[in-house]
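# Observations on the model geometry
In case you want the letters, here they are:
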Amino acid sequence: MTDTSKASSTAPATRLAHAGRVEGSPFVNPPVIHASTVLFESVAQMKGKAEKPARYTYGRRGTPTSESLEGLIADLEGAEGVVLTPSGASACAIGLMSVLASGDHVLVMDGVYGPTRNACDGLLKRFGVETTYFDTRIGAGIVDLVRPTTRAVFLESPASLTFEMPDVTAITRALDGLGGARPIVLMDNTWATPLFYRPLDHGVDVSIMAATKYVVGHSDALIGTLACGPRAWAKVKTTHGDLGMFTGPDDMYLALRGARTMAVRLAQHQRSALAIARWLETRPEVARVLHPALPSHPDHAIWKRDFTGASGLFSFVLKACSFEASAAFLDGLDLFGLGYSWGGYESLAILAEPQAIRTATPWSAEGPLVRLQIGLEDTDDLIADLAQGLDRIAAHA
Ligand SMILES: *Cc1c(COP(=O)(O)O)cnc(C)c1O
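Residues numbered from 1 in each chain as written. Predicted model: local features only at pLDDT ≥ 70, side-chain atom pairs only at ≥ 80, totals over all residues. Heavy atoms only, no water.

### Remarks on the site of the ligand
Around the ligand sit Ser-87, Gly-88, Ala-89, Tyr-113, Glu-156, Asp-188, Thr-190, Ala-210, Thr-212, Lys-213, Leu-222 and Trp-342, and those are all the residues in its vicinity. Within the backbone of Ala-89, an N or O atom sits 2.8 Å from an oxygen atom of the ligand. Trp-342 places a polar side-chain atom, nitrogen or oxygen, 3.1 Å from an oxygen atom of the ligand. Within the complex, the protein chains bury 90% of what would otherwise be the 380 Å² of accessible surface of the ligand. Taken together, the residues of the shell around the ligand sort by class into five nonpolar, four polar and three charged. (Near = heavy atom within 4 Å. Polar contact = N/O pair within 3.5 Å; in protein donor to acceptor, adjacent residues only side chain to side chain. Areas by Shrake-Rupley, 256 points an atom, 1.4 Å probe, with all protein chains shown as cover. Nonpolar A, V, L, I, M, F, W, Y, C, P; charged D, E, K, R; others polar.)

Encoded structure:
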């Protein structure tokens, strides 16, 4: 049993410190239970015929450790129920598998995370589900794409790599107009986390997060979460169980530990990323900065209306330059590592290639696209590192 009594009416930062505690335990942290077997008191209890039902039945079916993290995430997201998965990518795939069956159709935002697209084009296709990709900025026009067989819509905000923002409210309101035939809406909310945007408050049925990123926060574990509203909870819970999904208890503990400091870390990621995005806008080598909290961002109005913050990940477009020049910029960076993933304490950079995966809305830009994850290093040190990098581009011209 997790104790959320003190938590539910308070601000998110307070909930992060208090949610997910084990009721009646004198310890502030939950035990890390390594378990397959759970012992019963009697045959009657094992068969569900005892007066006192078994609290736990089998390791895969829940432990005090998994309940603690599920409780904390449910509290933050305002969810009816939460399941944990071994990675963010598996959370996206399990969300889709939970609400789709052979012969169904799914609408997926074109700017979605690459591996989510792979799950649609491979796994789902193999099981007889057809996918249509739609323009991230489709808004209420989504209803024109809905077929009698459309059972799900998959969103992500902002778009992976390119940071366009779908108008989630316009999409879910338009779908509401379909009445009983309304598809289930799933949304990958890894970028904002429920601290800056709560999808379930905006008509979304399943809020998905790669907790690998800001919840874990230290680049040392993979974990996914699916936080469900009433229309999707039973389906997700059943499919997660049927797939035999369980996440390692040590990784759950790392996510819980990370969650305790998530609000302060995110505040710093936000501050540093915005400062660096504004600085990049002043540099002559940069064509455009793609950060939703900048007034220059084409979807800034949506971010301002719906989000209470911005995290530490954004992209920028360089003015036209050779591959060698962009590589010299990135290869020589001292503090920014070249690596995938994000949300950890350390800064990272990648050369992004959305043109390779977009189908509904082809990507074209003035020059190479660079994505930055701004870590918790000193902001001025990061700016100095990037300034030297941009100078290397000029040296290649
Ligand atoms: C990283 C990421 C995922 C996948 O998370 P993993 O834990 O690495 O599998 C899913 N969605 C988004 C938006 C991501 O950035």
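### Focus on the pattern of salt bridges
What the rule picks out here adds up to 16 salt bridges. With a shortest N-O distance of 3.0 Å, Arg-182 and Asp-205 are connected by a salt bridge. Taken together, the residues Arg-182 in the loop between helix H6 (168–176) and strand E7 (184–188) and Asp-205 in the loop between helix H7 (193–196) and strand E8 (206–210) connect sequence positions 23 residues apart. Asp-205 gets classed as buried once you look at its relative accessible area, which sits at 6%. Salt bridges here are not isolated pairs; linked through shared partners, they connect Asp-176, Arg-182, Asp-205 and Arg-231. (Salt bridge = Lys/Arg side-chain N within 4 Å of Asp/Glu carboxyl O. Helix = DSSP H or I, 4+ residues; strand = E, 2+ residues; numbered from the N terminus. Buried < 20%, exposed > 50% of the residue type's maximum accessible area, 1.4 Å probe, protein only.)

### Some thoughts on helix H13 (residues 379–396)
Every α-helix winds through 3.6 residues per turn, so residues three or four apart in the chain are directed the same way. Compared with an ideal rise of 1.5 Å per residue, which puts 18 residues at 26 Å, H13 spans 26 Å between its outermost C-alpha atoms and is within 8% of the ideal. Those residues of H13 that fall on the buried side of the exposure criterion are Thr-379, Leu-382, Ile-383, Asp-385, Leu-386, Ala-387, Gly-389, Leu-390 and Ile-393. Structurally, H13 contributes buried residues whose contacts are with helix H10 (262–281), strand E11 (313–318), helix H12 (323–331) and strand E14 (369–373). (Expected span 1.5 Å × (residues − 1). Contact = heavy atoms within 4.5 Å.)

### With respect to the domain arrangement of the protein
It is common to report an interface's size as the accessible area lost on association of the parts. The assigned domain composition of the protein is domain 1 (7–259) and domain 2 (262–395). One C-alpha centre belongs to domain 1, the other to domain 2, and the line joining them spans 28 Å. On the domain 2 side, the residues contacting the 39 residues of domain 1 number 42 residues. Here domain 1 packs against domain 2, burying approximately 3500 Å² in sum over the two surfaces, 62% of which is carbon and sulfur. Considering only the side of domain 1, the residues that lose the most area to domain 2 are Leu-161, Phe-196 and Tyr-214, jointly responsible for 24% of the buried surface there. Where domain 1 touches domain 2, the interface holds two salt bridges. Between Arg-305 and Asp-167 there is a salt bridge, with the nearest N and O atoms lying 2.7 Å from each other. Put simply, domain 1 and domain 2 have 25 residue pairs in polar contact (both at pLDDT 80 or more) between them. Mapped onto the side of domain 1 that touches domain 2, the elements with two or more residues apiece are helix H1 (12–18), helix H5 (114–126), strand E5 (130–134), H7 and helix H9 (249–260). For the side of domain 1 that touches domain 2, the per-class residue count stands at 18 nonpolar, 14 polar and seven charged. (Domains from an automatic or database assignment. Buried area = accessible area lost by both parts, 1.4 Å probe.)

### Here's the deal with the sheet that holds strand E4 (residues 105–109)
With respect to topology, seven strands assemble into an open sheet ordered E3-E9-E8-E7-E6-E4-E5, the strand pairing being mixed. A single partner strand is all that each edge strand has here, and the edge strands are strand E3 (81–85) and E5. On average, each strand axis in the sheet is tilted by 20° relative to the strand beside it, whichever way the strands run. Two elements, E3 and strand E9 (residues 224–228), share five bridges in a ladder whose sense is antiparallel. Opposite Val-83, over in E9, you have Leu-226 as the bridge partner. Packing against the sheet, helix H8 (residues 233–242) makes contact with E3, E8 and E9, and its axis sits at approximately 30° to E3. (Pairing = 2+ DSSP bridges. Axes fitted to C-alpha atoms, helices over the stretch in contact; angles between N-to-C directions.)

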